[in-house]
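Remarks on the overall topology
Below, each chain spelled out in residue letters.
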Amino acid sequence: IEPTELSDRLLEMYSDRILCPHFHMSIQSANTDVLSKMKRSYGQAGVISSLEKIADRVPGAFIGMDLIAGFPTETIEQFEDSYKVLTQTPWTRIHVFPYSKRNGTKAASLNESVPQSQKMDRAQKLRELSLHRYQSEAMKQIESKKQVLVLKKIGRRINERPHGLSRDYWPVEIQEFDHPDKFIGKEIEIQIKEYVHNPQRMEGHFSGERINDKNNF
């Protein structure tokens, strides 16, 4: 969603457990001039306000964001301004996209393109910031308890062990889990024991133990 779509009513709805505390924000930049060139209806203040609202009203929510690196006309000063804002606001992960020209769009008609090498450098800097933040947020949650949806053991696997996705969108490897097939599609409670870096992806995953109680069948 965009910052302008983040209404008080929407945030109030997250008091109901039926909604998972996960937001994916279409930010694209945190610099007002760049956002204006993108024809966005919000500026830097709107970005900051939306992220702070989520953190205040839905504590612990996973906040993912889309950002474009090297949008046409983006100067190094504008990029650094956007980067500085990101270091000071609450979020969990950035999906970084180096700008790619698409014929027929208004952006494609902008003459001041950013050199490819600079686009890639800016994208890499954002990815490194994202990884640092992701790992930092993960380490705060060691020994916490999470409700985890058990997933099928197909497709992308975590060390071939049973795995799932927490309500706040963290991938979780489940240790010492007997008969996991019986729980596919169900939520179980997991105590997080460690954060494991995954060299095949930028981000890692949690590893934890199932808590056996009456709510876990």
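All values derive from a computational prediction rather than experimental measurement.

On to the side chain of Ser166. Note that Ser166 resides in strand β5 (residues 163-166). The exposure class of Ser166 is buried, given its relative accessible area of 4%. Here the side chain of Ser166 touches Asp168 through a polar contact of 2.5 Å, side chain to side chain. Not counting the four nearest positions on each side in its chain, Ser166 is found in contact with Lys146, Gln147, Val148 and Val172.

Below, the discussion takes up the environment of Thr105. As for its placement among the helices and strands, Thr105 is situated in the loop between β3 (93-98) and α5 (116-139). By relative accessible area, Thr105 is classed as partly exposed at 34%. In sequence terms Thr105 and Pro162 are 57 residues apart; their C-alpha atoms lie 44 Å from each other.

Judged by nonpolar contacts, the single largest core of 33 residues is most densely connected at Phe23, Met25, Ile54, Met65, Leu86, Trp91 and Ile94. Looking at this core, the elements with two or more residues in it are β1 (22-28), α2 (32-37), α3 (44-57), β2 (62-69), α4 (76-88), β3 and α5. Residue contacts for Met25: discarding those within four places in its chain leaves Ile1, Glu2, Pro3, Ser50, Leu51, Ile54, Ile63, Gly64, Met65 and Asp66. Counting residues in hydrophobic clusters, the runner-up holds 15 residues, among them Phe62, Tyr134, Ala138 and Phe183.

Here is what the cut-offs are and how they apply
Residues numbered from 1 in each chain as written. Predicted model: local features only at pLDDT ≥ 70, side-chain atom pairs only at ≥ 80, totals over all residues. Heavy atoms only, no water. Helix = DSSP H or I, 4+ residues; strand = E, 2+ residues; numbered from the N terminus. Buried < 20%, exposed > 50% of the residue type's maximum accessible area, 1.4 Å probe, protein only. Polar contact = N/O pair within 3.5 Å; in protein donor to acceptor, adjacent residues only side chain to side chain. Contact = heavy atoms within 4.5 Å. Core = buried A, V, L, I, M, F, W, Y, C linked by side-chain atoms within 4.5 Å.

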